[in-house]
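Chain by chain, the residues run as shown.
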Amino acid sequence: MQYNHKEAEEQVKAFWKANDVYKTTLDTSKPKYYVLDMFPYPSGAGLHVGHPLGYIASDIYSRYKRQNGFNVLHPMGYDAFGLPAEQYAIQTGVHPADSTATNIKQYRKQLDNIGFDYDWDREVQTCDPKYYKWTQWIFTQLFDHYYCTKAHKATPIAELVELFKTEGSHNVTAYGAEELIFENDEWNAMTAVEQSDILMNYRLAYRKESFVNWCEELGTVLANDEVKDGLSERGGYPVIKRPMLQWSLRVTAYAERLLEDLKSLEWSESLKAIQRNWIGKSSGAQIFFSIAESTDQIEVFTTRPDTIFGATYLVLAPEHDLVDKLTTEAQQADVEAYVAMAGAKSDIDRMADEKTVSGAFTGAYAQHPFTDEPIPIWISEYVLKDYGTGAIMAVPAEDQRDNRFALHFDLPIVEVLDKSKYPDAKIGDKVGTMINSDFLNGMKIKDAIKAAIKQIYDKGIGSTKRNYKLRDANYSRQRYWGEPFPIVYTDEGIPQTVPLSDLPVTLPPLEDFKPTAEGKSPLARIEGWLHTDHGSRETDTMPGFAGSSWYFLRYMDSENDAEFVSTEAVNYWQDVDLYIGGTEHAVGHLMYSRFWHKVLFDLGYVPTNEPFKKLINQGMIQGVIESIYLQKEKENGVNKFLCAGLAEAKGVEHYTAIPIHIDFVTDYGSQHSHINLDGIKKFLDWRPEYNNAIFECSKGTYQNGTFTPKSEASDSQLITHSEVGKMSKSKYNVINPDEIIAQYGADCFRMYEMFLGPIEQSKPWDMNGIEGVSKFIKKFWSLFYVDNALVINDSPATKEQMAILHKTIKKVRKDIEGFSFNTCISAFMVAVNELKKASAVSKDVLVPLLQLLAPFAPFLSDHLWQQLGYNGSIHHSQYPIFDEQYLVTDSVVYPVCVNGKKRADLTTSPGQDNATLEQLARELEPMQKWLTESNVVKTIVVPNRMINFVVKGG
RNA sequence: GCCGAAGUGGUGGAAUUGGUAGACACGCUGGAUUCAAAAUCCAGUUCUUUCGAGAGUGCGGGUUCGAUUCCCGCCUUCGGUACCA
C-alpha cells in the first residue's frame, strides 16, 4: 500500500478537531512557551508558497516544545484593517468588511491544509469591534499619559495638571515638543482650550499641526516607515510634505529605551542594526546663537562643537519658525520665493536634487559666541526641519555639504584643523590638531570637543545634547477601513476621550468609500455618526500598525470583554519567547510594538519591558518573473514579439517587457525558459488584443495560428526573459501551496520548504528538489508498511539500528534548537536510508523515529500513530531522548594525513595512547610511500580526531 | 557614501571551540526491471591528469603541522539607510 496522503490528512484533521488536540489552556503546572507568527494581512491573492515558510518553522518548533513538556501558546489571527481592501471597495463597491471576511475564509482554508497547530479559539481579527475596543482603549491610555524624564516612564497627565496648578511649569520633568514656561497663576487663568493646547505638548498621543507625508492618490497621510524612496509603500504613489493637523504618537520619548533595550534581545545583528539606524542616536552640543538687533536666539545642534571657530554662517530649514521674522526687507522677495519653491517639492524631487546647491540669504546676522563676529544667516533645503533644531552652524572647512554651499555662494571658509600629517584626509575626517581656534589651539579633537562644550556651558549658551533621527509617528489616516479614534471634540474643539464604558466606537455602515473633497475620511460624511451628545467625533482612523502593535497580548486572553488581557493570563504567558517573521517589519511593526509594550509596562499592565525575546527573520521566497519583449514600434501596424536573445542583442530599450503567466512558460526560471506554440496560444487567449501579433523566434515566426519555420524547424520557441523578484499577483507568478499539497501532501510540502535551505535565507521558489522529499516520505512509510501490511513488530533492535536512531535523535534535537531545519531533514533522510539498509522493523527503533518526525510531518506521524494502536495524538507524546550509551562503539576511524592532506584511514579500538596510534598509522600500507626513516619532522595526534605527519621536502 | 549579511560542484545546500571539503537532495551518465514508458532499484558524478598525482570553498596576502573556519587588504551580490548637522 502506498501512503495515501489525501485520505490520511482528512482523517487526521478530523481527529485533531474532534479531540481539541491544539487547545491551549492556562495550565500553571507546566512551563509556558509562546511561539508567535507575524499574522498576515488577508489579501485577495491568497497565501502563496512564501508565506508559510516562517509559519512551518514556528510550527515545528512549537510542536517540539509541546512534546518536551511545555505548555505552548501558538496562535494565529489576521491584520484585517488596511488600505487594499478599501481601494478595492472604491473600485468595486464591495464593502471592505465583506471582502476581508471572504479573504480570511480563504486564508483559513489554506492554513488548515498545511496542518498548523494553532489554537483557533484564540484567533484575533483586528477589524473585529471586540478586538479594536481595546486598541481604542490603549489609545486613550497614550492620550492620558506623558513621559516623565526623571522617572523615565509614562506618567498620568493628571499629575502634570496638578503640578501646573500648584507650581506652574518650573519643575516639570515631562518629555515634550516645546519648552514652555509659565507660572501656576498663569495656568489657572488659562481657558480650557489654552490648557488643552498646552497639554498636547506632552501627551504620548497628541494632535498637532506638523509637516506630514501626504499621499494624494491614496488620499491620506502616511508614517515615515510607510514611505519608501519618496513613494508610498502601498501602491508606489508620490508623497509630498504638507502641514496638517494630525494625531501623532510620541515614540521619540522612548528613543533611548528603545535603543538601550535592544541589547537584551536575541534578534539578528542586522535587524538590531536597522532599528539602531532608524533611531539614529548622535551626541554633541546644542548652542544658542544670538541675533543682531533681536532678542530671538537660534538654537543649533552639532556633533562637532570643536569646530565652532570654523562656523562662518548659519543655515535654517526653509520651514524654520524664525525665517519670517529674521528676513530683512531687501531679502524678502528672495526668501519667499525660495520657501515657496522648496515647499512645493515632493520627496522624490528633493532626492533627485540632492546634489544641487540652493539657498537664500535672509539678510540677518547672528553673533559668533566667542569671536563676536557677525555671521550671516541663510536658509537652505539641505537643512531639515525635523532633525535636530532645524538649524545648523555651518563649518565649511569640516563638512562636505557646508563646503559645497560656501563655495557656491562665496562664503568664507576658515580652516580649524591642521591635517598636514594626514595627506589623504578628506573633509570631515576627524584627524589633526586644532588651529585658528583661540583656546582650542593645539588640542586633539577629542579634547577640543570637551573643552568647547565646557566653555559653551560656562558662558550659558548651550550644553551637551543627544539627538535622534527617530520621529514621532503619524497616527491619522483619512480613510474608512481602520479603527475609529475614541475621541469626541467639545464645541470649543477640545478633544476628549470616550470612556471605556462607551467603547468600542464602531465603524458605521458606509456605501461610498471615496475620501471627501477636502481630503477628509469618508466618515466625515456620515452625519448621524459624526454628532454625539458630547460633541462631534474625530473622523480620521488609525493606521495599520495600531492593531498589530499589541495583538500578541490579546492571544493570551482573546475572549476577555472586561480587560484587554487579564493579569492572570499575562503574568503566566509573560511575553513572546519566539517570534518568526520577515524583515520588512523591522522599523514599522517591531518598533511600534516595542513602544506600546513599554508604555503598557510603565502603566503596570504587562510584566515585561520587551514583547519579543527572540526573533528570527525568515527569508523571502521570491518568484520568477517571466516576460516577453514587445517591440515598441509596431511593424506595418502589427505588434511584434521577439526572442529575448534577439531583443537583448538589439538593445532592450526598443522593447517593452510584458510579464506573462508563468504557467505558459516551459522551463521557467532557467536560461532556456521559453514559450512554445502551445504557450503562445495560451498567451493569446489571455491577451486577445495581441491576436494577430508576430512572434519572431530564432527558428521562425508565428502569426495567426501558423508557424513559418526558417529552415526545417518544426516548433517555435520564443525565449522569455526571466528575473527573480517578488511573488505577486501583478507579476503573474504566484505559486499556490494548495496545488502542491494536493499533489504531494502537506507533510511533503512542509518538509520541502524546510529542506530548501537555512530559514533566514531568501531564495527563488523552484520545485526541483521536491521529488527527493516525496521519495523520502514514501521510503519512511515503507519502513512501516510493505504490501498493505504493517511490518513493524516487537522484535529487539540491533545495536547498529539503535545507534542509527540515537545518532539521529541527537542531531535532530540539536538542529531544532539551532533552528537549522534543513539539516534536520537531511538527518531524517540519512536515518531512513541507513535503517532500510539495516532492515529495521523493531518498534524500539521505528516508534521513537516516528515521534522524532512528528513536528515535521504531523499528518503522516499521527496517522501511523493511530495505525499502530496508540491512544491520543502523537503530538502529545514525549519527544525521544538521546542516550549516549547507544553511540559507544568498539572501533574508531582516524584519518591519517601527510602535511594536512588525508592519505589513509586507520581503524582501531578506542582509548589507545598517542604513541600507539602513531605507530599503528606508520605501519599502514598506504603510508609507506609517504614516510621514510628520516623525513618525518613532526607528528600530531589529536585523540579521537586525526593523525598528521609533517614531512620535509614534501 | 554609511551600516548589516553573504560568496563552496551543473543546481539547492552540508561541514566553523581550526582537524577527512562537497553530507543530504536535485540534475546528469551508465546499468537492472519493462514490449515500452512511468515508477522503483543499483553504480558513478568538484576540476585537471602523463592515472603517480596535482589543484580546489569570490580574489590577493598572512598566522598554523593543518584554514571554508582566524587575521589584513580587495572584489561581487543582496538587504537597510541616505543632505541626519
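Residues numbered from 1 in each chain as written. Chains lettered and ligands numbered in written order. Predicted model: local features only at pLDDT ≥ 70, side-chain atom pairs only at ≥ 80, totals over all residues. Heavy atoms only, no water.

Draft legend 1. Spotlight on the nonpolar core. Formed by 179 residues in total, the largest nonpolar core has its most connected members in Tyr475, Phe780, Phe784 and Phe856. In terms of residue count, the dominant contributor to this core is helix α27 (residues 821-837) (nine residues). Grouped together as the second largest cluster of nonpolar side chains are 38 residues, Ile308, Leu316, Val323 and Ile456 included. (Core = buried A, V, L, I, M, F, W, Y, C linked by side-chain atoms within 4.5 Å. Buried < 20%, exposed > 50% of the residue type's maximum accessible area, 1.4 Å probe, protein only. Helix = DSSP H or I, 4+ residues; strand = E, 2+ residues; numbered from the N terminus.)

Draft legend 2. Quick peek at helix α28 (residues 843-853). With nine of its eleven residues buried, α28 lies for the most part within the structure. Within the sequence span of α28, burial applies to Val845, Leu846, Val847, Pro848, Leu849, Leu850, Gln851, Leu852 and Leu853. Capping the start of α28, Ser842 holds a side-chain oxygen 3.0 Å from the backbone nitrogen of Asp844, two or three residues further along. (Polar contact = N/O pair within 3.5 Å; in protein donor to acceptor, adjacent residues only side chain to side chain.)

Draft legend 3. Structural view of the packing of helix α3 (residues 83-92) against helix α4 (residues 96-114). As a packed pair, α3 and α4 sit with axes 9 Å apart at the nearest point and diverge in direction by 120°. The orientation of α3 relative to α4 falls into the category oblique. The way α3 lies across α4 gives a crossing that is right-handed. Between α3, through Ala85, Glu86, Tyr88 and Ala89, and α4, the contact on the second element is made entirely by Pro96, Ser99 and Thr100. Here the residues of the contact of α3 with α4 sort into four nonpolar, two polar and one charged. (Axes fitted to C-alpha atoms, helices over the stretch in contact; angles between N-to-C directions. Parallel < 35°, antiparallel > 145°, perpendicular 65-115°, else oblique. Left-handed = near helix turned anticlockwise from the far one by under 90°. Contact = heavy atoms within 4.5 Å. Nonpolar A, V, L, I, M, F, W, Y, C, P; charged D, E, K, R; others polar.)

Draft legend 4. The pattern of salt bridges, seen in detail. What the rule picks out here adds up to 39 salt bridges. Across the pair Lys133 and Asp561 runs a salt bridge whose closest N-O atoms are separated by 3.5 Å. Residue Lys133 is found in helix α5 (residues 129-143), and its partner Asp561 is found in the loop between α18 (551-554) and α19 (567-573); the two are separated by 428 residues along the sequence. The network of salt bridges with common partners includes Lys32, Asp575, Asp577 and Lys613. (Salt bridge = Lys/Arg side-chain N within 4 Å of Asp/Glu carboxyl O.)

Draft legend 5. Region of the structure containing the sheet that holds strand β41 (residues 946-951). Taken in spatial order, the four strands of this open sheet run β39-β38-β41-β40, and their pairing is mixed. Two strands in the sheet have a free side with no partner beyond their single neighbour: β39 (901-908) and β40 (936-942). Each strand axis lies, on average, 20° off the axis of its neighbour in the sheet, ignoring direction. Where strand β38 (residues 892-898) meets β39, seven bridges bridge the pair, whose relative direction is antiparallel. By the bridge assignment, Cys897 is partnered in β39 with Lys902. Running at roughly 120° to β40, helix α30 (residues 914-923) makes contact with β38, β39, β40 and β41 of the sheet. (Pairing = 2+ DSSP bridges.)

Draft legend 6. Focus on the environment of Ala80. Considering the arrangement of structural elements, one finds Ala80 in the loop between β2 (71-73) and α3. Taking the C-alpha atoms as reference, Ala80 lies 8.9 Å from Gly482; in sequence the two are 402 residues apart. In contact with Ala80, other than residues within four places in its own chain, are Tyr41, Pro42, Thr100, Ile104, Thr126, Cys127 and Trp481.

Draft legend 7. Spotlight on the sheet that holds strand β24 (residues 576-581). A sheet is described by the order of its strands in space; here four strands give the open sequence β2-β1-β24-β25, paired in parallel fashion. Looking along the sheet, the strands with just one partner apiece sit at the ends: β2 and β25 (612-617). Between one strand and the next, the sheet's axes are offset by a mean angle of 20°, whatever the strand orientation. Of the pairings in the sheet, the one linking strand β1 (residues 32-37) to β2 comprises three bridges and is parallel in character. Its bridge partner lying in β2, Tyr33 is registered against Val72.

Draft legend 8. Just the protein's contact with RNA strand B, in detail. In the vicinity of RNA strand B, 45 residues are found, and the nearest of them are Thr303, Arg401, Lys469, Asn768 and Asn948. Sugar and phosphate atoms constitute 62% of the interface atoms of RNA strand B, taking the interface as everything within 4 Å of the protein. Here Asn768 contributes a backbone N or O atom positioned 2.5 Å from a sugar or linking oxygen of RNA strand B. A distance of 3.4 Å is found between a base nitrogen of RNA strand B and a side-chain nitrogen or oxygen belonging to Ser826. Elements that contribute at least two residues to the surface near RNA strand B include exactly α10 (269-279), β11 (297-302), α14 (400-409), α25 (770-784), α27, β39, β40 and β41. Top element by residues in the surface near RNA strand B is α27. It accounts for six residues. Of the residues assigned to the surface near RNA strand B, the class counts are 18 nonpolar, 13 polar and 14 charged. (Near = heavy atom within 4 Å.)

Draft legend 9. Broad picture of the packing of aromatic side chains. In total, this model carries 70 aromatic pairs according to the counting rule given. Ring geometry for Phe309 and Phe439: centres 5.7 Å apart, planes at 75°, overall edge-to-face. Of the two residues, Phe309 sits in the loop between β11 and β12 (313-316) while Phe439 sits in the loop between β17 (433-434) and α15 (445-458), which places them 130 residues apart along the sequence. Phe309 gets classed as buried once you look at its relative accessible area, which sits at 9%. Judged by centre distance (6.3 Å) and plane angle (90°), the rings of Phe683 and Phe695 are edge-to-face. Here Phe683 is found in helix α22 (residues 677-686), whereas its partner Phe695 is found in strand β30 (residues 694-697), with twelve residues between them in sequence. Each member of the pair, Phe683 as well as Phe695, is classed as buried. (Phe/Tyr/Trp six-rings, centres within 6.5 Å; stacked < 30°, edge-to-face > 60°.)

Draft legend 10. A look at the pairing of strand β31 (residues 700-703). Every second residue of β31 is oriented toward a common face, the buried set being Gly700 and Tyr702 and the non-buried set Thr701 and Gln703. Inspection of the sheet shows β30 paired to β31 by three bridges, in the antiparallel sense. Bridge pairing in β31 links Phe695 to Tyr702. Joining the antiparallel neighbours β30 and β31 is a turn of two residues. Where β31 meets strand β32 (residues 706-709), four bridges bridge the pair, whose relative direction is antiparallel. Counterpart to Gly700 in the pairing with β32 is Pro709. Joining the antiparallel neighbours β31 and β32 is a turn of two residues, in which Asn704 adopts a positive phi near 45°.

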